[in-house]
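Listed here are the chains, written in short residue letters.
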Amino acid sequence: MLSYRHGFHAGNHADVLKHVCLINCYKILKRMHKSINYIDTHSGNGLYSYNDEFMIKKREYLNGIEKLLKSNSKSSLINNYLKTIININKSKKLSFYPGSPIIMSYLSDNNDKLFFYELHSNEIKILKKNLSNNTNLKIFNTNGFNF
């Protein structure tokens, strides 16, 4: 599936649900454990600009993150997620949508170990660039199901 690109689906309703669960599961685990190992088998590049050709083509984010940003949710889980992505963007107006690798690198501390797997050659190059400042992670250019 080398033709699959995360950018086509970044910010859609399923992606948002996954990230809401990911953030809150991480926070629960960190209350119980000093460190965690996180494995992402299909990482993508981790960071998606709203001007990116892939996001523009399908515009799936309009029925995901955009609707959620406009909502007035009372859910602490959703508000925790929105706060995280707003903090990553450093602005309430999102200029990019953070994928799981960016979210996890933002949330994690040096006790955690993060492992990112991505098979697509263009995506892996961008992922390495996007996470170049992090020391608690390893990135592998392979199918994450093969590790």
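This one's a predicted model, so the numbers in the text were calculated from it and none came from an experiment.

1. Remarks on helix 6 (residues 121–130)
So, point 1. Listed as buried for helix 6 are Glu123, Ile124 and Leu127. Axial view of helix 6: buried residues confined to an arc of 100°, hence all on one face. Residues Lys125 and Lys129 are exposed on helix 6 and point more than 90 degrees away from its buried face.

2. Examining the pattern of salt bridges
So, point 1. Applying the stated rule across the entire model yields three salt bridges.
So, point 2. Aspartate 15 serves as the salt-bridge partner of lysine 18, at 3.2 Å between the closest nitrogen and oxygen. Separated by three residues within a single helix, lysine 18 and aspartate 15 lie in helix 1 (residues 13–32), roughly one turn from each other.
So, point 3. Aspartate 109 is paired through a salt bridge with lysine 30; the nearest N and O atoms lie 3.0 Å apart.

3. A look at helix 4 (residues 76–89)
So, point 1. Helix length check: helix 4, at 14 residues, gives a terminal C-alpha distance of 20 Å against a target of 20 Å (1.5 Å per residue), a fit within 8%.
So, point 2. Among the residues of helix 4, Asn80, Tyr81, Leu82, Thr84, Ile85, Ile88 and Asn89 are the ones counted as buried.
So, point 3. Following helix 4 by one or two positions, lysine 90 adopts a phi angle in the positive range, close to 60°.

4. Some points on the sheet that holds strand 1 (residues 37–40)
So, point 1. One open sheet holds the three strands; their spatial order is 1-4-5, and the pairing between them is parallel. Edge strands, defined here as strands with exactly one partner in the open sheet, are strand 1 and strand 5 (137–140). Within this sheet the neighbouring strands show an average axis-to-axis angle of 10°, counted without direction.

5. A short note on the pairing of strand 4 (residues 113–117)
On any regular strand, side chains alternate: one points to one face of the sheet, the next to the other face.
So, point 1. Sheet analysis places strand 1 next to strand 4, joined by four bridges and oriented parallel. Looking at strand 4, one finds that asparagine 37 is bridged to lysine 113.
So, point 2. Relative to strand 5, strand 4 is paired through four bridges, and the arrangement is parallel. By the bridge assignment, tyrosine 117 is partnered in strand 5 with phenylalanine 140.
So, point 3. Considered for its hand, the β-α-β crossover made up of strand 4, helix 6 and strand 5 is right-handed.

About the thresholds
- Residues numbered from 1 in each chain as written.
- Predicted model: local features only at pLDDT ≥ 70, side-chain atom pairs only at ≥ 80, totals over all residues.
- Heavy atoms only, no water.
- Buried < 20%, exposed > 50% of the residue type's maximum accessible area, 1.4 Å probe, protein only.
- Helix = DSSP H or I, 4+ residues; strand = E, 2+ residues; numbered from the N terminus.
- Arc of directions from axis to C-beta.
- Salt bridge = Lys/Arg side-chain N within 4 Å of Asp/Glu carboxyl O.
- Expected span 1.5 Å × (residues − 1).
- Pairing = 2+ DSSP bridges.
- Axes fitted to C-alpha atoms, helices over the stretch in contact; angles between N-to-C directions.
- Right-handed = clockwise from strand over helix to strand, strands pointing away.

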